[in-house]
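# Descriptive analysis of the structure
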Amino acid sequence: MTFESQSFANGELLLEALSDIGFTTVTQGKDLPLDGWDKRSARTADIIILRRDVKTHHLLADIGFQRTSSGYVAVIDDMDLDHRLGKDFVVRLQNQYHEAAARKMAKKLGGTLVKERVGKKIKIRVKF
């Protein structure tokens, strides 16, 4: 599955968010082939988490992030998403991505990060 509407504009923040949720080993390049996909629908990506490097989820295919004009979009096998990573994987990654962006802003402004839960939403503020 490719999540076109859920892109990650900044590659550095994407890498930080991936690390925050436990994916510390990534491969970067340009149009790298993703392993585990059917040869008839072969996929490529610019940031790849190799399935062999992920011991905790037993992935069927590599996880990729392809650079587009709007940022990086996730390329994830739908079986991995449904049964290995969880359907909320991209949402969890987006939350970490936004938190990484807020941390970067807080550091730039010399402030601190304040997180609070309001209902089902998590609000992140920079206090300075």
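Residues numbered from 1 in each chain as written. Predicted model: local features only at pLDDT ≥ 70, side-chain atom pairs only at ≥ 80, totals over all residues. Heavy atoms only, no water.

The next point concerns the packing of helix α1 (residues 11-20) against helix α3 (residues 89-109). Axes are the key here: two packed helices are described by the angle between their axes and the distance separating the axes. The contact between α1 and α3 brings their axes to 8 Å, and the two run at 120°. Pair α1 / α3 crosses with right-handed handedness. For the pair formed by α1 and α3, the contact residues are Leu 13, Leu 14, Glu 16, Ala 17, Leu 18 and Asp 20 on the first element and Leu 93, Gln 96, Tyr 97, Ala 100, Ala 101, Arg 103 and Lys 104 on the second. In terms of residue class, the contact of α1 with α3 is made up of 8 nonpolar, 1 polar and 4 charged. (Axes fitted to C-alpha atoms, helices over the stretch in contact; angles between N-to-C directions. Helix = DSSP H or I, 4+ residues; strand = E, 2+ residues; numbered from the N terminus. Left-handed = near helix turned anticlockwise from the far one by under 90°. Contact = heavy atoms within 4.5 Å. Nonpolar A, V, L, I, M, F, W, Y, C, P; charged D, E, K, R; others polar.)

This part takes up the side chain of Asp 80. Within the secondary structure layout, Asp 80 lies in helix α2 (residues 78-85). Despite its burial, Asp 80 remains without a salt bridge, the nearest opposite charge being carried by Arg 84 at 4.5 Å. (Buried < 20%, exposed > 50% of the residue type's maximum accessible area, 1.4 Å probe, protein only. Lys, Arg positive; Asp, Glu negative; His and termini not counted. Salt bridge = Lys/Arg side-chain N within 4 Å of Asp/Glu carboxyl O.)

Applying the stated criterion across every chain yields a total of 7 salt bridges. With its nearest N and O atoms 2.7 Å apart, the salt bridge here joins Arg 103 to Asp 20. Of this pair, Arg 103 sits in helix α3 while Asp 20 sits in helix α1, placing them 83 residues apart in sequence. With a relative accessible area of 27%, Arg 103 lands in the partly exposed category.

Among all positions in α2, only Asp 80, Leu 81 and Leu 85 are buried. In an axial view of α2, the angular spread of the buried residues amounts to 100°, which keeps them on one side of the axis. You can read the cap of α2 off the contacts: a side-chain oxygen lies 2.8 Å from the backbone nitrogen of Met 79, and it is on Asp 77. Gly 86 sits one or two residues past α2 and shows a positive phi near 100°. (Arc of directions from axis to C-beta. Polar contact = N/O pair within 3.5 Å; in protein donor to acceptor, adjacent residues only side chain to side chain.)

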